[in-house]
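Remarks on the overall topology
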Amino acid sequence: MATKLSVNINKIATLRNSRGGNNPDVLKAAIDCQLFGADGITVHPRPDERHIRYSDVRDIKPFITTEFNIEGNPTEDKFVQLVLEVKPEQVTLVPDALGQLTSDHGWDTIKQAGYLRDIIGVFKKQGIRVSIFVDPIEDMVAAAADTGTDRIELYTESYAKHYTANKNAAIESYIKAANVAAQKKLGLNAGHDLDLNNLKYFANSIPGLLEVSIGHALISDALYYGLENTIQLYKRQISD
Ligand code: PXP
């Protein structure tokens, strides 16, 4: 089965917010990404709404014809309420701190097991698939299985950072983590800093990769290649 591409449209909202109007139109971008071949749309609302706004998430949902993935930190009640109201296909739980530039670590699935089990249960009860953001550490992946999550999203920043110098070394911990996920019957997603250079090797090396969510590099590439071409270029990297 081919890996799905979920396009993270936060950067389009960031551009819009920089001028205060509605250009670029985030809702139109979500609709167009799907028309151009995206298998899903990802949004990551943060409490300060500096990127995507809570109202964007509500506005976009009725226009999703693919899969809607909402990322965020469930320690914020506002986030939990939003997800339960909007009912996306998937929620990805991320332990990012308030005001953090971008997500930079996964959950400690051992220390935070009890908390995760409870909050994952809240979403699953409403029929929402849950994925949790995890570093490529075998023990963390193994413990994730005990939280009841459906999937994990491997944090790929370290892979991307080391890819150019030594791609074999860069992928090693991810292959081990993916093997543990498969043994534990956890679905596998991945994201952060994936781009046109490093995506193909990652997708080819990681068996059973269900979905990648990509924002920063894809939206940046769209400045040069256009959004439709760019989405097609990314899809080509992950097709069988
Ligand atoms: N996954 C998670 C949990 C994220 O927080 C982000 C960034 O918001 C991404 C994936 C996408 O990362 P990038 O923008 O580098 O493609």
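A brief structural summary. (Residues numbered from 1 in each chain as written. Predicted model: local features only at pLDDT ≥ 70, side-chain atom pairs only at ≥ 80, totals over all residues. Heavy atoms only, no water.)

The element strand 1 (residues 4–8) is largely enclosed, with a buried count of 4 among its 5 residues. The sheet contact formed by strand 1 and strand 8 (residues 209–214) spans 4 bridges and is parallel. Each bridged residue has a counterpart across the sheet, and for S6 the counterpart in strand 8 is S213. The pairing of strand 1 with strand 2 (residues 40–43) spans 3 bridges and is parallel. In the strand pairing of strand 2, N8 is matched with T42. (Buried < 20%, exposed > 50% of the residue type's maximum accessible area, 1.4 Å probe, protein only. Helix = DSSP H or I, 4+ residues; strand = E, 2+ residues; numbered from the N terminus. Pairing = 2+ DSSP bridges.)

Now for the site of the ligand. By nearness alone, 15 residues border the ligand, and S103, E153, D193, G215 and H216 come closest of all. Within the backbone of G215, a nitrogen or oxygen atom sits 2.8 Å from an oxygen atom of the ligand. Protein contacts shield 93% of the accessible area of the ligand, which totals 400 Å² for the unbound molecule. Assessed atom by atom at 2 Å from the grid points, the ligand resides in the largest pocket. Looking at the shell around the ligand residue by residue, the class counts come to 3 nonpolar, 9 polar and 3 charged. (Near = heavy atom within 4 Å. Polar contact = N/O pair within 3.5 Å; in protein donor to acceptor, adjacent residues only side chain to side chain. Areas by Shrake-Rupley, 256 points an atom, 1.4 Å probe, with all protein chains shown as cover. 1 Å grid on protein atoms, 1.4 Å probe; cavity = no way out; pocket = protein on both sides within 12 Å on 5 of 7 lines; lining within 4 Å. Sits in = over half its atoms within 2 Å of the grid points. Nonpolar A, V, L, I, M, F, W, Y, C, P; charged D, E, K, R; others polar.)

Right, let's get into the packing of aromatic side chains. Under the definition given, this model contains 7 aromatic pairs. Between Y163 and Y201, the ring centres sit 6.1 Å apart and the planes meet at 55 degrees, which makes this aromatic pair tilted. Taken as a pair, Y163 in helix 7 (residues 157–163) and Y201 in helix 9 (residues 199–205) lie far apart in primary sequence, 38 residues in all. The same class applies to Y163 and to Y201, which are both buried. The interplanar angle of 75 degrees and the centroid separation of 5.6 Å between the aromatic rings of Y174 and F202 together place this pair among those described as edge-to-face. Taken together, the positions of Y174 in helix 8 (residues 167–183) and F202 in helix 9 put the pair 28 residues apart, joining distant regions of the chain. The exposure class assigned to F202 is buried, which follows from its relative accessible area of 0%. Taken together, Y159, Y163, Y174, Y201 and F202 form an aromatic cluster joined through their ring pairs. Lying across the ring of Y54, K78 places its NZ or CZ 4.3 Å from the centre. (Phe/Tyr/Trp six-rings, centres within 6.5 Å; stacked < 30°, edge-to-face > 60°. Lys NZ or Arg CZ within 6 Å of the ring centre and 35° of its normal.)

Turning next to the side chain of N189. Turning to its location among the elements, N189 is positioned in strand 7 (residues 187–191). Accessibility expressed as a relative area gives 1% for N189, which makes it buried. A polar atom in the side chain of N189 sits 3.0 Å from the side chain of R151. Here N189 is in contact with Q90, S131, R151, I152, E153, L154, L209, L210 and E211, once residues within four sequence places are set aside. (Contact = heavy atoms within 4.5 Å.)

What follows covers the nonpolar core. Counting 71 residues, the largest nonpolar core has I9, L93, I132 and I152 as its most contacted members. At 7 residues, the largest contribution of residues to this core is made by helix 8. Residue contacts for I132: discarding those within four places in its chain leaves L93, W107, T109, L116, I120, A144, T147, T149, R151, I152 and E153. (Core = buried A, V, L, I, M, F, W, Y, C linked by side-chain atoms within 4.5 Å.)

For the rest of this paragraph, the subject is the environment of A182. Looking at the element boundaries, A182 is found in helix 8. Each C-alpha atom of the pair A182 and P207 lies 8.7 Å from the other, and the pair is 25 residues apart in sequence.

Taking strand neighbours around the barrel as the criterion, the 8 strands line up as 1-2-3-4-5-6-7-8 in a closed arrangement whose pairing is parallel. Taking each pair of neighbouring strands and ignoring which way they run, the sheet shows an average axis angle of 25 degrees. Bridge count between strand 4 (residues 90–93) and strand 5 (residues 129–134): 4 bridges; the pairing is parallel. Across the sheet, residue Q90 finds its bridge partner in strand 5, namely R129. Against the sheet, helix 11 (residues 227–238) makes contact with strand 1 and strand 8, and its axis sits at roughly 145 degrees relative to strand 1, the strand it touches most. (Axes fitted to C-alpha atoms, helices over the stretch in contact; angles between N-to-C directions.)

A few words on unusual backbone geometry. Following N23, the chain continues to P24 via a peptide bond in cis, the omega torsion being 0 degrees. The residue P24 is located in the loop between helix 1 (10–17) and helix 2 (26–35) in this model. Even without being glycine, K87 reaches a positive phi, approximately 50 degrees. Residue K87 is classed as partly exposed on the basis of its relative accessible area, which comes to 39%. For D193, which is not glycine, the phi dihedral falls at a positive 65 degrees.

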